[in-house]
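# Survey of secondary and tertiary structure
So you can see what is in the structure, the chains are spelled out below.
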Amino acid sequence: MVRRLAVVLAAAVILSGCTEQRLFAVKAVAAGVPSLAPFFEEDGSLGTDETKLRPEQAHSGLQQGNTPGLYGGTQKPKVCDVDRLKDFLTDPRNRQKAREWARIVGITPDRIEGYIDDLTPVLLRHDTLVKNHDYKKGKAVAFDALLEAGIAVLVNDQGLPAVKCSCGNPLQSFDKDPEKISVKFEDGNKKWDGYEKSDVVTVKPSPQPLEQIALIDVDDPDQGINRPVGSSGENDEPFDATKEHAVPRVAGMTFDQASQRLSELGLAAMSSDGLPSGDAAVTGSDPGPGTELRFGEAVTLSVADDGEEPGTPPKSDPSKGPRTDDPASDDPTSGEPTTVGPTTDEPTTDDPSTSDPTTEDPDTGDPDTGDPSSSEPTTDRPTTGEPTTSEPTTAVPTTPTTSSTPPTVEPTSAEPTSAEPTSADPTSVEPTRSEPVTSEPASSEPGAPASAEPAAGPA
């Protein structure tokens, strides 16, 4: 028995060692702590960090560069001295550093000035994983780093950190599994207040090049800043970050399209399974269309399984989660497109006649896991695999209602009226059959389906 126990313990130690070997060492870089081998001397002349900024709790470990509120801003001058950085890298005495700097960035040395002019200074609001670079013996030496919130960086037009302001070090995207990191706090970089490994963020490119970046004012979190890409604050436009915006209907869009639309309204897009491919079909959102959210709040997008097409009804219990068939949740995407950042126009919600019939699809983003069958008859679910384009019955329709108040339609099910809450969610109501249809005349016979428009495609 002793021998067997020894073998088991030895195997456990070996397996533990193998697990540890699979972790990627990441060097912690605290705000305000000078690098040991920077490209540029860290004496505060090139840029300064906000050392008292605590890391924000992240709604997702993977965030796209167009996420509103991902970064912070301030009205303080010279958080990043872009002109000084250009002068340093174009000085003939720093020719070798300039060559290495340009090589890491992926440009030729003669394009350094133009490249830097297109970058935008921001402050990190989350502890952020990057690939950092020291300068040692005439070469750029890469190392994986975790930059503390409050560090000033320059970001490119995809929202990716490109330069650490205080030392001029070039940055690249973190390219390893963020779930398999081991953060090392050393060389004066002590574990900072508010550090949580679960809140570490990795930034992925924005689906489209940014024209402006929507920031949170770190000195006044209720204030937002729209900063044009390539500017240093001289053209900032403040906005009210407490103003709420309605979640648009995104079912039928691709993930990138939905992410872009939400970003235009000042809302963040996320998925329960990380970031799916940009062309993944979105089937619903949590919360659902029409829900009012503040700037920077997240909307969880549900995407179709392989083989499903955009607009396919989400496969979940219609009684769970926020309703998507509320007349107040008209598709705000019908308006003019906006630039990246929050808009000031509220979506029109007082005309039920503009409701898209596909908004009756239940939301799949709700994490509720109640019994999907105990309180719902199977006949109340929409037919699977069939589009909502069935022809109306031959019954003579009644005179259509022209009032803004939706007409009452009798339910076809033998169950009690759909105004009663379900057992799993007292605030939800039975969808589909009791939804008012104001754009088409009501049927004269109970149970006769109203005519429906085809499901909306990508906006």
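## Quick word on the pattern of salt bridges
Applying the stated criterion across every chain, the model contains 14 salt bridges. The salt bridge involving Asp83 is made with Lys86; its shortest N-O contact spans 3.8 Å. Here Lys86 and Asp83 lie together in helix H2 (residues 82–90), a separation of three residues that amounts to about one turn. By relative accessible area, Asp83 is classed as partly exposed at 46%. What makes Lys86 buried here is its relative accessible area of 11%. Across the salt bridge formed by Lys131 and Asp175, the nearest N and O atoms sit 3.1 Å from each other. In this pair, Lys131 is assigned in strand E5 (residues 128–136) and Asp175 in the loop between strand E9 (172–173) and strand E10 (181–184), connecting sequence segments 44 residues apart. Overall, the relative accessible area of 51% leaves Asp175 in the exposed class. The network of salt bridges with common partners includes Lys131, Asp144, Asp175 and Lys176.

## Observations regarding the sheet that holds strand E12 (residues 212–217)
Spatially, seven strands are ordered E8-E7-E4-E3-E12-E13-E14 in an open sheet, and the strand pairing comes out mixed. Whereas interior strands pair on both sides, the edge strands pair on one side only; in this sheet they are strand E8 (161–164) and strand E14 (237–240). In this sheet, neighbouring strand axes are inclined to one another by 50° on average, regardless of whether the strands run parallel or antiparallel. Here strand E3 (residues 71–73) runs beside strand E4 (residues 120–124); their pairing, made up of two bridges, is antiparallel. Residue pairing across strands places Tyr71 opposite Leu124, the latter belonging to E4.

## What to know about the nonpolar core
Trp101, Ile112, Ile116 and Leu154 are the most contacted members of the largest nonpolar core, which has 28 residues in total. Among the elements of the structure, H2, helix H3 (95–105), helix H4 (112–117), strand E7 (152–155) and E8 are those that each provide at least two residues to this core. Not counting residues up to four positions away in its chain, the partners in contact with Ile116 are Val82, Leu85, Lys86, Leu89 and Trp101. Within the second largest apolar cluster, 22 residues are counted, among which are Ala58, Leu70, Val130 and Ile225.

## Description of helix H5 (residues 255–264)
Residues lying three or four places apart along an α-helix face the same way, a consequence of the helix completing one turn every 3.6 residues. Summarising burial for H5: eight of the ten residues are buried, a large majority. Three or more residues of H5 are buried, namely Phe255, Ala258, Ser259, Gln260, Arg261, Leu262, Ser263 and Glu264. Taken together, the buried residues of H5 touch strand E2 (62–64), strand E16 (268–270), strand E17 (282–286) and strand E19 (298–303). Positioned one or two residues after H5, Gly266 has a phi angle of 85°, which is positive.

## Some thoughts on the packing of aromatic side chains
If you walk through the whole model with that rule in mind, you get seven aromatic pairs. With a centroid separation of 5.1 Å and an interplanar angle of 65°, the aromatic rings of Phe239 and Phe295 are classed as edge-to-face. Linking Phe239 in strand E14 with Phe295 in the loop between strand E18 (292–294) and E19, this pair joins segments that are 56 residues apart in sequence. Here a set of aromatic residues connected by ring pairs shows up, and it is made of Phe185, Trp192 and Tyr195. In this arrangement the basic side chain of Lys27 is found over the ring face of Phe143, its NZ or CZ atom lying 5.3 Å from the centre. For the cation-ring pair, Lys176 lies above Phe24, with the distance from its terminal atom to the ring centre recorded as 5.9 Å.

## Let's talk about the sheet that holds E16
Sheet architecture is open: three strands sit in the order E16-E19-E17, paired in mixed fashion. The open sheet has two free edges, formed respectively by E16 and E17, since each of these has just one partner strand. Across the sheet, the axes of successive neighbouring strands diverge by a mean angle of 35°, strand direction being ignored. In the sheet, E17 pairs with E19 via four bridges, with the strands oriented antiparallel. Paired with Gly284 across the strands is Ser302, a residue of E19. This element, H5, spans E16, E17 and E19 of the sheet and lies at about 165° to E19.

## A few points about the pairing of strand E6 (residues 139–147)
Summarising the sheet, strand E1 (residues 24–29) and E6 pair through three bridges and their orientation is parallel. Considered in E6, the bridge of Lys27 is made with Ala145. Looking at chain direction, E5 and E6 are connected through nine bridges and run antiparallel. Pairing of Lys131 across the sheet is with Asp144, part of E6.

## Observations regarding the environment of Val183
Topologically, Val183 is positioned in strand E10. Classification of Val183 by relative accessible area gives buried; the value is 17%. As a C-alpha pair, Val183 and Lys27 span 156 residues in sequence and 5.8 Å in three-dimensional space. With residues up to four places along the chain from it excluded, the contact list for Val183 reads Val26, Ala28, Leu146 and Tyr195.

Cut-offs and rules
- Residues numbered from 1 in each chain as written.
- Predicted model: local features only at pLDDT ≥ 70, side-chain atom pairs only at ≥ 80, totals over all residues.
- Heavy atoms only, no water.
- Salt bridge = Lys/Arg side-chain N within 4 Å of Asp/Glu carboxyl O.
- Helix = DSSP H or I, 4+ residues; strand = E, 2+ residues; numbered from the N terminus.
- Buried < 20%, exposed > 50% of the residue type's maximum accessible area, 1.4 Å probe, protein only.
- Pairing = 2+ DSSP bridges.
- Axes fitted to C-alpha atoms, helices over the stretch in contact; angles between N-to-C directions.
- Core = buried A, V, L, I, M, F, W, Y, C linked by side-chain atoms within 4.5 Å.
- Contact = heavy atoms within 4.5 Å.
- Phe/Tyr/Trp six-rings, centres within 6.5 Å; stacked < 30°, edge-to-face > 60°.
- Lys NZ or Arg CZ within 6 Å of the ring centre and 35° of its normal.

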